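# Structural overview for review
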Amino acid sequence: MQNVKNSFTPASYVKILSFLHLGILATPLILAVFFYFQIQDTHLSFSDSDDMFLAIVPIIAVGGVFLSDFLFRKIVKSIPSGMGLKEKLARFQTACIISYALLEGAALFSIVIFYNTQNFAYLLIGLFLLFYLYLKRPTKDKIEHQLNLQGAQKAQFGRVNQPLE
């Protein structure tokens, strides 16, 4: 009888990262739905000159998108090409989580401001951020491309059910 030990495969890596992505995406989405049904009278206004959040929320949203992408690219570029696949995947996961968290934070901020002001514009901004976060969902092909895997590492990552060493 063979010893069965918990092995880390490319398929399990993609599954774990996808699960983390889904969890980070679900929280603000559930909160947005909950807040939307709690508010009785919403309005859509882009011209309320007394509302300082009309400047703050878009700045935080755009800043979150750009900072998320900038830090993700910076971390992924800093991964040495000679590093082992398992270590590359660990650093890639860190880059993804940071990127996802920045987008989630900006979306949560926008959604909470929607709840406080009842201005539907903030919910739309939050939903846009969540849609952008959804588009960043991890797939095997995206990971392979973003890490620029080649040769033996690409072949190793392609064997989805074989444990990584």
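Up top is the structure these notes are about.
Okay, so let's go over this structure. Remember, predicted model here, so these are calculated numbers, not experimental data.

Cut-off values and rules
- Residues numbered from 1 in each chain as written.
- Predicted model: local features only at pLDDT ≥ 70, side-chain atom pairs only at ≥ 80, totals over all residues.
- Heavy atoms only, no water.
- Helix = DSSP H or I, 4+ residues; strand = E, 2+ residues; numbered from the N terminus.
- Contact = heavy atoms within 4.5 Å.
- Axes fitted to C-alpha atoms, helices over the stretch in contact; angles between N-to-C directions.
- Parallel < 35°, antiparallel > 145°, perpendicular 65-115°, else oblique.
- Nonpolar A, V, L, I, M, F, W, Y, C, P; charged D, E, K, R; others polar.
- Salt bridge = Lys/Arg side-chain N within 4 Å of Asp/Glu carboxyl O.
- Buried < 20%, exposed > 50% of the residue type's maximum accessible area, 1.4 Å probe, protein only.
- Phe/Tyr/Trp six-rings, centres within 6.5 Å; stacked < 30°, edge-to-face > 60°.
- Lys NZ or Arg CZ within 6 Å of the ring centre and 35° of its normal.

### Considering the environment of Ala11
Here Ala11 shows up in helix 1 (residues 10-38). In the structure, Ala11 is positioned 151 residues away from Gln162 in sequence and 8.6 Å away in space, judged by C-alpha atoms. Setting aside its immediate chain neighbours within four residues, Ala11 contacts Val160 and Asn161.

### Re the packing of helix 3 (residues 85-117) against helix 6 (residues 151-158)
Direction vectors running N to C along helix 3 and helix 6 enclose 75°, while the axes themselves pass 11 Å from each other. Relative to helix 6, the element helix 3 is oriented roughly perpendicular. Across the interface between the two elements, Leu85, Lys88 and Leu89 of helix 3 pack against Gln153, Gln156 and Phe157 of helix 6. Grouping the constituent residues of the contact of helix 3 with helix 6 by class yields three nonpolar, two polar and one charged.

### Some points on the pattern of salt bridges
Scanning the model with the defined rule gives three salt bridges in all. Where Glu144 meets Lys140, a salt bridge forms, and the shortest distance between an N and an O atom there is 3.1 Å. Of the two residues, Glu144 and Lys140 both sit in helix 5 (residues 140-146), four residues apart, roughly one turn of that helix. Overall, the relative accessible area of 14% leaves Glu144 in the buried class. Assessed through its relative accessible area of 26%, Lys140 is described here as partly exposed. In this structure, Lys154 engages Glu144 in a salt bridge whose closest nitrogen and oxygen atoms are separated by 3.9 Å. Here Lys154, found in helix 6, pairs with Glu144, found in helix 5; they are ten residues apart in sequence, far enough to count as distant. When salt bridges that share partners are traced, they join Lys140, Glu144 and Lys154 into one network.

### A word on the packing of aromatic side chains
Each aromatic ring pair is specified by the distance between its two centres and by the angle formed by the two planes. The final tally for this structure, using the stated rule, is eight aromatic pairs. Aromatic pair Phe114 and Phe120: ring centres 6.3 Å apart, planes at 75°, arrangement edge-to-face. Taking the relative accessible area as the measure of exposure, Phe120 reaches 23% and is therefore partly exposed. Three or more aromatic residues joined by ring pairs make a cluster, and in this case those are Tyr36, Phe37, Phe114 and Phe120. The side chain of Lys136 reaches across the aromatic face of Phe72, ending 5.4 Å from its centre. Over the ring of Tyr134 we find Arg137; its NZ or CZ atom is 4.7 Å from the centre of that ring.

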